[in-house]
Amino acid sequence: MENMANVYFYGKHYLVPADLTIMNAMEYAGYQLVRGCGCRHGFCGACAAIYRKSGDTKLNACLACQTQVEDGMFVATLPFFPAAKRIYDINGIKPTEQIMMQLYPEIYSCIGCNACTKSCARDLNVMQYIAYAQRNELEKCAAESFDCVSCGICVSRCPAGISHNLVGLLARRLTGKYLHPESEHTNKRAADVAAGKFDELILQMMEKPLEELQQLYDSREIEK
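Residues numbered from 1 in each chain as written. Predicted model: local features only at pLDDT ≥ 70, side-chain atom pairs only at ≥ 80, totals over all residues. Heavy atoms only, no water.

Asker: Sorry, what's going on with the state of the cysteines here?
Answerer: In a disulfide, the sulfur atoms of two cysteines are held together by a covalent bond. Enumeration over the complete set of coordinates arrives at zero disulfides. Unpaired in terms of disulfides, Cys65 finds its nearest cysteine sulfur in Cys47, a separation of 3.7 Å. What makes Cys65 buried here is its relative accessible area of 9%. The thiol sulfur of Cys154 is not disulfide-bonded, and the nearest other cysteine sulfur, from Cys148, lies at 6.2 Å. Judged by relative accessible area, Cys154 falls into the buried class, the value being 8%. (Disulfide = S-S within 2.5 Å. Buried < 20%, exposed > 50% of the residue type's maximum accessible area, 1.4 Å probe, protein only.)

Right under this line is the structure:
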């Protein structure tokens, strides 16, 4: 019992192993996760959750698949938040100075409270990339928001009703479509793949046990 934690999911008490993530602890407690679970590795943003700890009034946001349970934790998941998504054809719009005003005019109502940045489960400077969007600095907005997984937690905390993740997505789409349509690095890698440069390596990877693949994945070098 020393390695167990008292947690509350949706107000109901459970005793779960203390080394589990919130997502795994919910499944341990008997929840069948049909929504609010995806990649389970912090990339898809489907498992947004909010929690408070006993005796603390602060509301915390996280990804349930990446956050370990703590004793006295009160948890509720937020698998979807109704963000104001605009419908557009990327081939029919251009990166003009008016595009953000046309599609997401609410960004100009930002009061600078920084609640979006404070709540981000990926520790992104959300308010900064919204500021870039306001100034039509689309490339900077795209770069600053690049690691966004669209969990929607920032949207849920914004008093101005800004759909931050969708603003960043628009900036990245416009940047990729019009401002940087060609990537020399990507084109070279695609040519290498087509030429069969990695065929032998892929076959070697397919023969490795799952544990070794996991170790290789965890120790991989990530380009900046």
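Asker: Help me understand a nonpolar patch on the surface, please; the structure alone is not making it clear to me.
Answerer: Residues Leu201, Met205 and Leu216 make up a contiguous nonpolar surface patch of roughly 240 Å² in combined accessible area. You can see Met205 is positioned in helix 9 (residues 199–206). The exposure class of Met205 is partly exposed, given its relative accessible area of 33%. (Patch = residues over 30% accessible without salt bridge, like charges linked within 9 Å, V, L, I, M, F, W, Y side chains within 5 Å. Areas by Shrake-Rupley, 256 points an atom, 1.4 Å probe, with all protein chains shown as cover. Salt bridge = Lys/Arg side-chain N within 4 Å of Asp/Glu carboxyl O. Helix = DSSP H or I, 4+ residues; strand = E, 2+ residues; numbered from the N terminus.)

Honestly, it's all geometry; don't read function into it.
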